[in-house]
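Tertiary structure, described
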Amino acid sequence: MRNFSLLVFLALTGTPSFAQKAQMKIEDIKADGDTTITVRKGEKALPEKNYEIISGTDEISGDEEFDSKRALTSWKEACDTWKKEIRELNTDNRVLVISCGAKKKTTDGTKTTYTSSAHYKIRVKMRD
């Protein structure tokens, strides 16, 4: 009966919990390559994103020309103008990638046009 009373007492009060301490020595951390150790506690410890990367595309087209070389020159000028406009927005080194893309030749009868799909990536500041 005494054992039964002890068992009921332990069941009602709960058994003591023993937590094991985490013990890690610096020697236990492998440092073969690059090693980063991060200690966080709670949500506030997570880093906030200050910047966001925005990607986009634009269509670049040169003028229609009878001469193929003039059409190519027109496309190159349109490409340079587009890059210049994007670079003018490049305050604080925001432009990461800028490319006019591969040119595509289109012939309509006797007129030739060059077009391309340009792409860019810009870093935009989200908060101060």
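Report on the accompanying structure. (Residues numbered from 1 in each chain as written. Predicted model: local features only at pLDDT ≥ 70, side-chain atom pairs only at ≥ 80, totals over all residues. Heavy atoms only, no water.)

**Looking at the environment of K83**
Looking at the element boundaries, K83 is found in helix α2 (residues 68-88). A sequence separation of 17 residues divides K83 from C100, and the C-alpha atoms of the two residues are 7.8 Å apart. (Helix = DSSP H or I, 4+ residues; strand = E, 2+ residues; numbered from the N terminus.)

**Brief notes about a negative patch on the surface**
A cluster of acidic residues, D63, E64, E77, D80 and D108, forms a negative patch on the protein surface. Note that D108 resides in strand β3 (residues 104-108). The class for D108 is exposed, based on a relative accessible area of 55%. (Patch = residues over 30% accessible without salt bridge, like charges linked within 9 Å, V, L, I, M, F, W, Y side chains within 5 Å. Areas by Shrake-Rupley, 256 points an atom, 1.4 Å probe, with all protein chains shown as cover. Salt bridge = Lys/Arg side-chain N within 4 Å of Asp/Glu carboxyl O. Lys, Arg positive; Asp, Glu negative; His and termini not counted. Charge placed at Lys NZ, Arg CZ, Asp CG, Glu CD. Buried < 20%, exposed > 50% of the residue type's maximum accessible area, 1.4 Å probe, protein only.)

**What to know about the packing of aromatic side chains**
Counted according to the given criterion, the structure contains one aromatic pair. Pairing W82 with Y120 gives two aromatic rings, centres 6.4 Å apart and planes at 50°, and the pair type is tilted. Here W82, found in helix α2, pairs with Y120, found in strand β4 (residues 111-125); they are 38 residues apart in sequence, far enough to count as distant. Just as W82 is buried, Y120 falls in that class too. (Phe/Tyr/Trp six-rings, centres within 6.5 Å; stacked < 30°, edge-to-face > 60°.)

**Topic: the side chain of T113**
Residue position: T113 is located in strand β4. Residue T113 is classed as buried on the basis of its relative accessible area, which comes to 12%. In this structure, T113 is in contact with S61, G62, D63, E64, A71, K104, K105 and T106, ignoring residues within four places of it in sequence. (Contact = heavy atoms within 4.5 Å.)

**Looking at a nonpolar patch on the surface**
Taken together, the side chains of I53, L96 and V97 make up a nonpolar region of the molecular surface, amounting to roughly 240 Å² of accessible area. Mapping V97 onto the fold places it in strand β2 (residues 95-99). Given a relative accessible area of 33%, V97 falls into the partly exposed group.

**Some words on the nonpolar core**
Core analysis: the largest hydrophobic core is formed by 12 residues, namely I60, A71, W75, C79, W82, I86, V95, C100, Y114, A118, Y120 and I122. Mapped by element, the contributors of at least two residues to this core are α2 and β4. In terms of residue count, α2 provides more of this core than any other element does, five residues in total. Contact partners of Y114, with chain neighbours within four places excluded, come to I60, S61, G62, S68, A71, L72, W75, K103, K104 and K105. (Core = buried A, V, L, I, M, F, W, Y, C linked by side-chain atoms within 4.5 Å.)

**Remarks on the pairing of β3**
Working note: regular strand, side chains alternate between the two faces of the sheet. Looking at chain direction, β3 and β4 are connected through five bridges and run antiparallel. Its bridge partner lying in β4, D108 is registered against K111. Hairpin connection between β3 and β4: a loop of two residues separates the two successive antiparallel strands, and G109 in this loop has a positive phi of roughly 70°. (Pairing = 2+ DSSP bridges.)

**Some thoughts on the side chain of S116**
Relative to the elements of secondary structure, S116 occurs in strand β4. A residue is classified by how much of its surface remains accessible, and S116, at 4% relative accessible area, is buried. For S116, the side chain forms a polar contact with the side chain of W75, separated by 3.1 Å. When near neighbours in sequence (up to four residues on either side) are disregarded, S116 contacts D58, E59, I60, W75, C100, G101, A102 and K103. (Polar contact = N/O pair within 3.5 Å; in protein donor to acceptor, adjacent residues only side chain to side chain.)

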